[in-house]
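Observations on chain architecture
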Amino acid sequence: MNTGLQDAANLGWKLAAVVKGEASAAKLLPTYEAERRPVAQWVLSTTDKTFAGITTASSPALAVARNWLIKTVLWLPPPGGPPPA
């Protein structure tokens, strides 16, 4: 979600500059992908590595610790308390 907010902010200021006549759409808007693609690729790569690290336990002790942590986190109440009934 944070990446999406950053993407929106990046595109938003560029569109605003074009609408106000402060920048050329032909020059400014094509920079969006060059600026944002590396961030998106890094996020995907990091997420994949983290997920693989969490789901692939290299020892029985790590598997037990991982499973305990997941069960514990899933039983925590949401921030602000439980939802109304």
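Residues numbered from 1 in each chain as written. Predicted model: local features only at pLDDT ≥ 70, side-chain atom pairs only at ≥ 80, totals over all residues. Heavy atoms only, no water.

1. Looking at the overall build of the protein chain
For the record, the criterion: Helical segments are the DSSP runs of H or I of at least four residues, strand segments are the runs of E of at least two, and each set is numbered from the N terminus. As defined in this context, the radius of gyration uses C-alpha atoms, and a globule is described by 2.2 Å times the residue total to the power 0.38. Any residue under 20% of the maximum accessible area for its type is buried, any over 50% is exposed, and the rest in between are partly exposed; the area is computed with a 1.4 Å probe on protein chains only. A 1.4 Å probe and the Shrake-Rupley method give the accessible areas. Residues count as covered only by the protein chains that appear here.
Secondary structure summary: the protein chain contains four helices and zero strands in total. Counted from the first residue to the last, the protein chain has its helices and strands arranged as α-α-α-α. The C-alpha radius of gyration computed for the protein chain amounts to 21 Å, which surpasses the reference 12 Å derived for 85 residues by more than 25%, pointing to a less compact arrangement than a globule. Burial analysis of the protein chain (85 residues in total) assigns 8% to the buried set. Roughly 6,900 Å² of accessible area belongs to the protein chain as shown, and the carbon and sulfur atoms make up 71% of that amount.

2. Side note on the confidence of the model for the protein chain
We apply this condition: Looking at any residue, its pLDDT shows the predictor's confidence there, from 0 to 100.
Model confidence for the protein chain is summarised by a mean pLDDT of 85, while 94% of its residues fall at 70 or above. The element-level mean pLDDT for the protein chain is lowest in helix H4 (residues 60–75), coming to 84, with helix H2 (residues 25–28) highest at 92.

3. Considerations on a nonpolar patch on the surface
Condition: A patch consists of residues exposed above 30% relative accessible area that lack any salt bridge, with like charges linked at up to 9 Å and nonpolar side chains (Val, Leu, Ile, Met, Phe, Trp, Tyr) linked at up to 5 Å. Any carboxyl oxygen of Asp or Glu within 4 Å of a side-chain nitrogen of Lys or Arg constitutes a salt bridge here.
A cluster of nonpolar side chains, Ile 54, Ile 70, Leu 74 and Trp 75, forms an exposed patch at the surface whose accessible area comes to about 510 Å². Broken down by element, the residue count for the nonpolar patch peaks at three residues, all from H4. By the element assignment, Leu 74 lies in helix H4. Taking the relative accessible area as the measure of exposure, Leu 74 reaches 66% and is therefore exposed.

4. Brief notes about helix H3 (residues 31–55)
In an α-helix there are 3.6 residues to a turn, and that puts residues three or four apart on one side. The condition that has to hold: The span one expects for a helix is its residue count, reduced by one, times 1.5 Å. Two axes are fitted around each residue, one to the seven residues ending there and one to the seven starting there, and the angle between them is reported as the bend at that residue.
With 25 residues, H3 should reach 36 Å at 1.5 Å per residue; the first-to-last C-alpha distance of 37 Å fits that figure. The sharpest bend along H3 comes to roughly 25°, located at Arg 37, with the proline Pro 38 sitting one to four residues further on.

5. Structural notes on the packing of helix H1 (residues 2–19) against H3
Put simply, the rule reads: Fitting a line to C-alpha atoms yields each axis, with helices limited to the stretch in contact; the angle taken between N-to-C directions then spans 0 to 180 degrees. Angles below 35 degrees are treated as roughly parallel, those above 145 as roughly antiparallel, those between 65 and 115 as roughly perpendicular, and all remaining angles as oblique. Throughout, a contact is declared for two residues whenever any of their heavy atoms are within 4.5 Å. Three categories are distinguished: nonpolar for Ala, Val, Leu, Ile, Met, Phe, Trp, Tyr, Cys and Pro, charged for Asp, Glu, Lys and Arg, and polar for the others, with Gly belonging to the last.
Orientation of H1 relative to H3, taken along the N-to-C sense of each, is 175°, at an axis distance of 11 Å. As far as their axial angle goes, H3 and H1 are roughly antiparallel. Between H1, through Thr 3, Gln 6, Asp 7, Asn 10, Leu 11 and Lys 14, and H3, the contact on the second element is made entirely by Thr 31, Tyr 32, Glu 35, Arg 36, Val 39 and Val 43. For the contact of H1 with H3, a count of residues per class yields four nonpolar, four polar and four charged.

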